[in-house]
Amino acid sequence: MQFTRGGRRLSAVVEWWFVECKNNFQGNLTKPFSPRAYSTIKIINDMRLNNVENLLIKPYEQQLVCNRKAFCATAKSHCLLEKSEYTGWQEIRNKRTITEYNLRKGKQFHTKGIQNSNQENFNKAKMDPKLAPTVKLNSGYEMPVLGLGTYQSKGEEAEMAVKHAIDVGYRHIDTAYFYENEAEVGKAIKEKICAGVVKREDIFLVTKLWNIHHEPQRVKGAFLKQLETIGLDYIDLYLMHLPVGYKYVDEETLLPRDQDDKLQLTDVDYLDTYKAMEELVKSGLVRSIGVSNFNSEQLQRILDNCCIKPVTNQVECSPALNQRKLTTFCKERDIILTAYSPLGRPNLTAKTPEFYFSPKTQSLANKYQKTPAQIILRYLVDIGTVPIPKSANQKRIEENLNIFDFKLTANDIEIMDSFNTGDRLVPFNLIKAQNHKYFPFHIEF
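Throughout, a residue's number is its position along its own chain's written sequence, starting from 1. Totals for whole chains, interfaces and linings use every residue, but because this is a predicted model, local features are given only for residues with pLDDT of at least 70 and side-chain atom pairs only at 80 or more, for both listing and counting. Excluded from the side-chain calculation are hydrogens and water; included are all heavy atoms of the structure.

- The name an unreviewed UniProt entry gives the chain is 1,5-anhydro-D-fructose reductase isoform X1, with Glossina fuscipes as the organism.

Okay, here's the thing in structure tokens:
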């Protein structure tokens, strides 16, 4: 194993000893039990780890028994724990139940290259968290290819969802002024930074300029208010939420309506709005900028007139609206397509959308021993998009990230392509009804 720390490279072969519990961890672990077998996991030399300080072992199961002496020897010999973290183990007897509470989560641990004679035992001792791969943006920054969406997550629910997501390995978090949860998202991130779980530079945070702030003179003030609400020093990616502006009434009126209950729109040119967003990058407060819900013609107009290229176009994208043509258009221009509502907002009662509940999707799920949601997200990654599924359910948050240990075949992708109908969950009918000149969905893509 090659460690890199402070510019020095350290080599070592490391062994961890784990105790396998009776009944495959099915029993009540709060009661005494007898260990059945020990297994040795050897990390072979071709593995690479960077920034190994504070890298910790986190049990895959809720509780795991570990040989304390071997654990502490590993910690001392290879600097996997700060001294203050492992001295507390000295009074522990030879065997000790380790829970998540005892261990602070650390950096990603790559399992590729691990040899073990007992694969079953190794599977019970998986390292965590597992991070999503990243894609390089045209701005030079890296964005994880899967993120956590937070639309309709409010208050404590949003905060807890983001905290759990970070704990299990999410580093890409998506919010917006319109979602009214920026404060909770920011609080969750700051607490995880303070706890040493992540550093600020580990997180890729996305937020958006809302439609009431399209006038160029409002852009900077709106952004600074969002930055203050979030409570961080900078934003990784700032998007224009829509190409269509709404009338500004006040900061709280997000959907301004007239006396006839008609949504009040403006004719502010999105190009002028975008140019004001470019100034935020020049100020250093924003690292990258992009757009959302833009069609190909609108995107090309931005490219023809901008100084700073958009790095992404965030649009609705799922097997029912797979955005193949728009993805190709973006890729040719070095722009990433980010996919919101990737799972189509499943409804268990109505059994919709079809692609989620279809026997074809279930068959693929059975083939790979995954859930339908995991098949759908893997499909979207495989066709070149960056999905940002929303969930506040801890189990589903974990499942949604666990899609990087398999890949769909060309045949599988053809099956998922067959669900494409072009139907939208988010058609923006209130704008469409007014035939606005910047309505984005009047052309194919």
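## Digging into the nonpolar core
Then step 1. Formed by 90 residues in total, the largest nonpolar core has its most connected members in Tyr170, Leu205 and Ile431.
Then step 2. Throughout, a contact is declared for two residues whenever any of their heavy atoms are within 4.5 Å. Contact partners of Tyr170, with chain neighbours within four places excluded, come to Leu146, Gly147, Leu148, Ala165, Ile397, Asn400 and Leu401.
Then step 3. Buried residues of nine kinds, namely Ala, Val, Leu, Ile, Met, Phe, Trp, Tyr and Cys, make up a nonpolar core once their side-chain atoms join them within 4.5 Å. Categorising residues by exposure relies on relative accessible area from a 1.4 Å probe, with only protein chains included: less than 20% of the type maximum marks a residue as buried, more than 50% marks it as exposed, and the intermediate range marks it as partly exposed. Grouped together as the second largest cluster of nonpolar side chains are 10 residues, Leu137, Val145, Leu239 and Ile336 included.

## Here's the deal with the sheet that holds strand S17 (residues 336-340)
Then step 1. Between any two strands, at least two bridges found by DSSP are needed for them to pair. For helices the rule is a DSSP run of H or I covering at least 4 residues; for strands it is a run of E covering at least 2, with both sets numbered from the N terminus onward. Reading across the sheet, the 8 strands line up as S11-S12-S13-S14-S15-S16-S17-S18 and stay open at both edges, with parallel pairing between neighbours. On the outer flanks of this sheet lie strand S11 (148-149) and strand S18 (385-387), each paired with one strand and no other.
Then step 2. Two elements, strand S15 (residues 286-292) and strand S16 (residues 312-316), share 2 bridges in a ladder whose sense is parallel. Paired with Val291 across the two strands is Asn313, which belongs to S16.

## A few points about the packing of aromatic side chains
Then step 1. Two aromatic rings from Phe, Tyr or Trp, using only the six-membered ring of Trp, form a pair when their centres are within 6.5 Å; if the ring planes differ by under 30 degrees the pair is stacked, by over 60 it is edge-to-face, and anything between is tilted. Overall, the coordinates contain 11 aromatic pairs when judged by the stated rule.
Then step 2. Taking the centre distance of 5.9 Å and the plane angle of 40° together, the rings of Phe428 and Phe441 count as tilted. With Phe428 in the loop between helix H14 (410-417) and helix H15 (429-432) and Phe441 in the segment after H15, this residue pair connects regions lying 13 residues apart in the sequence.
Then step 3. Relative accessible area serves as the criterion here: at 18%, Phe428 is assigned to the buried category.
Then step 4. Here the aromatic cluster, defined as three or more aromatic residues joined through ring pairs, consists of Phe178, Trp210 and Tyr246.
Then step 5. The ring of Phe329 is capped by Arg333, whose NZ or CZ atom sits 3.6 Å from the centre of that ring.
Then step 6. For a Lys NZ or an Arg CZ to count as sitting over a ring, it must be within 6 Å of the ring centre and within 35 degrees of the ring normal. Over the face of the ring belonging to Phe441 we find Arg424, whose NZ or CZ atom lies 3.6 Å from the ring centre.

## Things to note about the environment of Ser363
Then step 1. Mapped onto the secondary structure, Ser363 falls in helix H11 (residues 359-368).
Then step 2. Residues Ser363 and Ile375 lie 12 residues apart in sequence; the distance between their C-alpha atoms is 10.0 Å.

## Quick word on H11
Then step 1. When H11 is considered as a whole, its buried residues turn out to be Thr361, Leu364, Ala365 and Tyr368. For H11, the angular spread of the buried residues around the axis is 105°, confining them to a single face. Opposite the buried face of H11, at more than 90 degrees from it, the exposed residues are Pro359 and Asn366.
Then step 2. Its buried side turned inward, H11 meets helix H10 (354-357), helix H12 (372-382) and H14.
Then step 3. Between a side-chain oxygen at the N-terminus of H11 and the backbone nitrogen of Lys360 the separation is 3.1 Å; the capping residue is Ser358.
Then step 4. In the segment just after H11, Gln369 is the residue with positive phi, at about 55°. The arc in question is the one traced by the directions running from the helix axis out to the C-beta atoms. Under the rule applied, a polar contact is a pair of N or O atoms within 3.5 Å (in protein, one hydrogen donor and one hydrogen acceptor; residues adjacent in sequence only if both atoms are side-chain atoms).

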